Amino acid sequence: MNKHVTIILLALILFFHPEFLSAQISYGGTPASFSLQEKKATVVPVVEMQHVSNAQLMKAEPQSGLRLKPYKFAYTFDVDITPQNSGVWTVADDGTKIWRVKILSQGAYSLNIIFDEFKLPDHAKLFIYSPDHQKVLGAFTANNESEYGTLAIRPLSGDEMVVEYDEPADAAFSGELKIAKVNHDYKNAFGDRPLGQAGLCNVDVYCTDGQDLAVQKQSEVRLIIAGSELCSGTMINNTSVDKTPYLITAGHCITSATDAEQTVFYFNYESPDCGQNLGSIDGYIDQTVSGSILKARSDSLDFALVEMTTMPPADYRPYFSGWNNSASIPSSTFAIHHPNGDVKKLSRDYDSPGVGTFSSKYISNAFWIIHRWDVGTTEAGSSGSGLINSNFQLIGTLTGGAATCADPVNDYFAMMNKQWSYYSTSNKQLKAWLDPANTGNNSVGGLDPYATDPSACELFSNIQYGEKYVKQKLADNSGYLTGKNSLGITAYAEKFDQSSQGLLKAVAIAFSQTVTSPVSSGKTFNLNIYDADATTGLPSNIISTQSVSISNLQDSSMNYIPLTQAVQTNGTFYVSYDLNYSNAQDSIAVFNAPARDANTNPVNTAYAFYNGSWVPFDQISEIGIKTSLLIKAHACSVLGTDVVDTSNQGKQFEVYYPTDGLNNYVYLQNNGAEANAVVSIMDVMGRTLYQKVHYLTNEPLKVSIGNQSSGIYFIAVKTAKVREVMKVRLRTGR
């Protein structure tokens, strides 16, 4: 190879106690050995890999004269590790048979393993965890079995791991397990590296350059192929719109059916703010799918189309990109990708691409040529990313090129127009798979596969595009604005002012600091969900609470915390964390938005429990800023609660339609006093698609829904004195 309020009990993954990291759609639970009384006395045998030098491995990397752009990060050991030839068996009091083996590769930043035999009886479980039990992957069960018998596990940081298999006493048969590959990370791709491995010119997708890509970015996926190489890829729709989970990437990334089977797909690996690379906050590492089936591939047209063996679940919020297979030259293009395996980055070219030949090994005149990127560049790890036109349609996939931050010129994307049917056999073309009914359509729109699902999931956030979240101290330097300080604040909360109800399943929090004393007993904090007081709008009643271990958090990262009990929210709610001042060495703090201008952007959603009551940040003199905490709320089954059409009730605001035949926008007319207003756009399910503060004069304001589909939408306008909602029908041609 050249180159993822009513309390309703749910069976959710427990991330904490200790931290359980959902991977390959794992099924939670606790390794049986953790409760064994004799666990400390049990010696788990070690299988140690031959010593390799990280520095020497980097020096020995072959240099491709073709300027391809995969990212090699791991050295592969071929092994044969089974319960029959390695490890130790223990029997628990309830008869559960426990097999454990430790794998060590000294100096590795992370390890990942691949099973080429994986067959488990019902109720059997497999776990991968660090020797200190702080990081756990799994459980993997019979539900993770594939038709080809393999399972690739995403990396676990550190140079050693424990593999544990728990089999019930009454199992119908003995599990069949064989570890065939151990991959040694020699580049710190999945260890403790800071973000910013991509070049400094790269732009996060939450920067203003990516403001129109909130939907399209959900189609972009990071790939680990065979445990050793990183590429990018794009989920893609087909003309039957049947929700088949196809993904397209470069042929030099996935080179065989075995590669496809051993690929791990990462969803939503993106920074939640605009870090401009330096200081970016890390994204999710736990939303992954393992394994796929190769459908079509070509070396000379450099593409691979795979079908994931598991449909990405609703809480991953996947999106299947539209495409266009014509040879029409677009006026501008962009790409979303993972340079050097980093969080999603954006590259834009505001000019038309050229058409040409990448090298003599490829079909002539089958590549789009980006002469110069106007925003960003591509790097190793960007291979396979989609080239998207201004209509949000994929038209090609990245092969390689000369572009760097220093000189972002001459990148080559294999043309979908050629990949479509240049070759007549189905295993070397896209047409057979993306137009299965042979409609002859040369384009198709994008698809949210869960858009009409009543359990569809959304990620609510008060993040504003272009903001760079900060770790901020009080003026007297006594502590952090969002942590322990001289004000004695004992809890903080982020407000979610939603005009909807939903089932809150998880929260994501970007901690700027997570510190505990080695001898401290107070290593947890309470995560609380509040409803809002009907009169004051302040946090009122705790409707959910759980204890979270500080030692299991990662600072400078988004920490995804599933709720042990899902919570049905109705309208406004708050996500809160408390502080324990009894041990000064225990400390947590959360990133917050920089101070917003009180005149042009008067939005504050951050609150503190100060002097015995909840107070907005901007009303505490020692803080005195309007801001938001970097906390996201993950809710499913979202339904509108107060989406009431006020269009014809003689209110302050009116909507006017443009005279064009097709429109993805309307004009908002303010008939009252000039004022700052929060303008939101919601779909018929009450989900917020757009929200921004505008200063409304008596001049009409153009309000767009971006690249959404035709249909009914609601525009909500909220000022300090009034809130109105208007129903609109938009015809976008999508």
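Presented here is an overview of the structure given in this document. (Residues numbered from 1 in each chain as written. Predicted model: local features only at pLDDT ≥ 70, side-chain atom pairs only at ≥ 80, totals over all residues. Heavy atoms only, no water.)

## Thoughts on the environment of tyrosine 412
In this fold, tyrosine 412 is placed in strand β30 (residues 409–415). Separated by 25 residues in sequence, tyrosine 412 and leucine 387 place their C-alpha atoms 9.7 Å apart. Setting aside residues no more than four positions away along its own chain, tyrosine 412 makes contact with Thr357, Phe358, Phe367, Trp368, Ile369, Thr397, Leu398, Thr399, Gly400 and Gly401. (Helix = DSSP H or I, 4+ residues; strand = E, 2+ residues; numbered from the N terminus. Contact = heavy atoms within 4.5 Å.)

## Details of unusual backbone geometry
For the bond running from glycine 138 to alanine 139, omega is 10°, close enough to zero to count as cis. If you trace the backbone, alanine 139 turns up in strand β10 (residues 135–140). For histidine 123, which is not glycine, the phi dihedral falls at a positive 75°. Residue histidine 123 is classed as exposed on the basis of its relative accessible area of 71%. For valine 241, which is not glycine, the phi dihedral falls at a positive 50°. As for its placement among the helices and strands, valine 241 is situated in the loop between β17 (229–236) and β18 (246–249). (Buried < 20%, exposed > 50% of the residue type's maximum accessible area, 1.4 Å probe, protein only.)

## A short note on the pattern of salt bridges
Applying the stated criterion across every chain yields a total of 13 salt bridges. Because the salt bridges share partners, they merge into one network encompassing Lys217, Glu270 and Lys344. (Salt bridge = Lys/Arg side-chain N within 4 Å of Asp/Glu carboxyl O.)

## Section: the state of the cysteines
When the sulfur atoms of two cysteines share a covalent bond, that bond is a disulfide. Applying the stated criterion to the full structure yields 3 disulfides. The partner cysteine of cysteine 201 in its disulfide is cysteine 405, sulfur to sulfur 2.1 Å. On the sign convention where negative is left-handed, the bridge of cysteine 201 and cysteine 405, at about -80° about the S-S bond, is left-handed. Taken as a pair, cysteine 201 in the loop between β14 (176–185) and β15 (203–204) and cysteine 405 in the loop between β29 (393–401) and β30 lie far apart in primary sequence, 204 residues in all. Residue cysteine 231 pairs covalently with cysteine 253 via a disulfide, S to S 2.1 Å. (Disulfide = S-S within 2.5 Å.)

## Side note on the sheet that holds strand β47 (residues 701–704)
An order of β43-β44-β47 is seen for the 3 strands of this open sheet, with the pairing classed as antiparallel. One side of each edge strand has no neighbouring strand; the edge strands of this open sheet are β43 (653–656) and β47. Sheet twist, expressed as the mean angle between neighbouring strand axes with direction ignored, is 35°. Pairing of strand β44 (residues 665–670) with β47, which is carried by 4 bridges, proceeds in the antiparallel orientation. Paired with leucine 668 across the strands is leucine 701, a residue of β47. (Pairing = 2+ DSSP bridges. Axes fitted to C-alpha atoms, helices over the stretch in contact; angles between N-to-C directions.)

## A few points about the packing of aromatic side chains
For the structure shown, the criterion picks out 22 aromatic pairs. Ring geometry for tyrosine 492 versus tyrosine 577: centroids 5.6 Å apart, planes at 25°, classification stacked. With tyrosine 492 in strand β33 (residues 491–496) and tyrosine 577 in strand β38 (residues 573–578), this residue pair connects regions lying 85 residues apart in the sequence. In terms of burial, tyrosine 492 and tyrosine 577 fall into one category: buried. Taking the centre distance of 5.2 Å and the plane angle of 15° together, the rings of phenylalanine 496 and phenylalanine 573 count as stacked. On the criterion of sequence distance, the pair formed by phenylalanine 496 in strand β33 and phenylalanine 573 in strand β38 is long-range, its members being 77 residues apart. The exposure class of phenylalanine 496 is buried, given its relative accessible area of 0%. When its relative accessible area of 2% is taken as the criterion, phenylalanine 573 is described as buried. Here the aromatic cluster, defined as three or more aromatic residues joined through ring pairs, consists of Tyr492, Phe511, Phe525, Tyr577 and Phe617. Arginine 222 extends its terminal NZ or CZ atom over the ring of tyrosine 266, reaching a point 4.5 Å from the ring centre. (Phe/Tyr/Trp six-rings, centres within 6.5 Å; stacked < 30°, edge-to-face > 60°. Lys NZ or Arg CZ within 6 Å of the ring centre and 35° of its normal.)

## Considering the nonpolar core
Ranked by internal contacts, the top residues of the largest apolar core, which has 44 residues, are Ile236, Leu305, Trp323, Met416, Leu430, Leu434 and Leu630. Taken together, the elements giving at least two residues each to this core come down to β18, β22 (303–308), β24 (333–337), β27 (367–372), β30, α3 (416–421), β34 (500–515) and β37 (557–570). The biggest single contributor to this core is β34, with 3 residues. Of all hydrophobic cores here, the second largest spans 39 residues; its members include Leu474, Ile489, Ala608 and Ile623. (Core = buried A, V, L, I, M, F, W, Y, C linked by side-chain atoms within 4.5 Å.)

## Comments concerning the sheet that holds β38
The strand order β36-β35-β38-β33-β40-β41 describes an open sheet built from 6 strands, whose pairing is antiparallel. Across the chains shown, the open sheet's two edge strands, defined by having one partner strand only, are β36 (539–549) and β41 (613–616). Sheet twist, expressed as the mean angle between neighbouring strand axes with direction ignored, is 25°. Taken together, the 3 bridges between β33 and strand β40 (residues 606–610) define a ladder with antiparallel strand orientation. Counterpart to glutamate 494 in the pairing with β40 is alanine 606.

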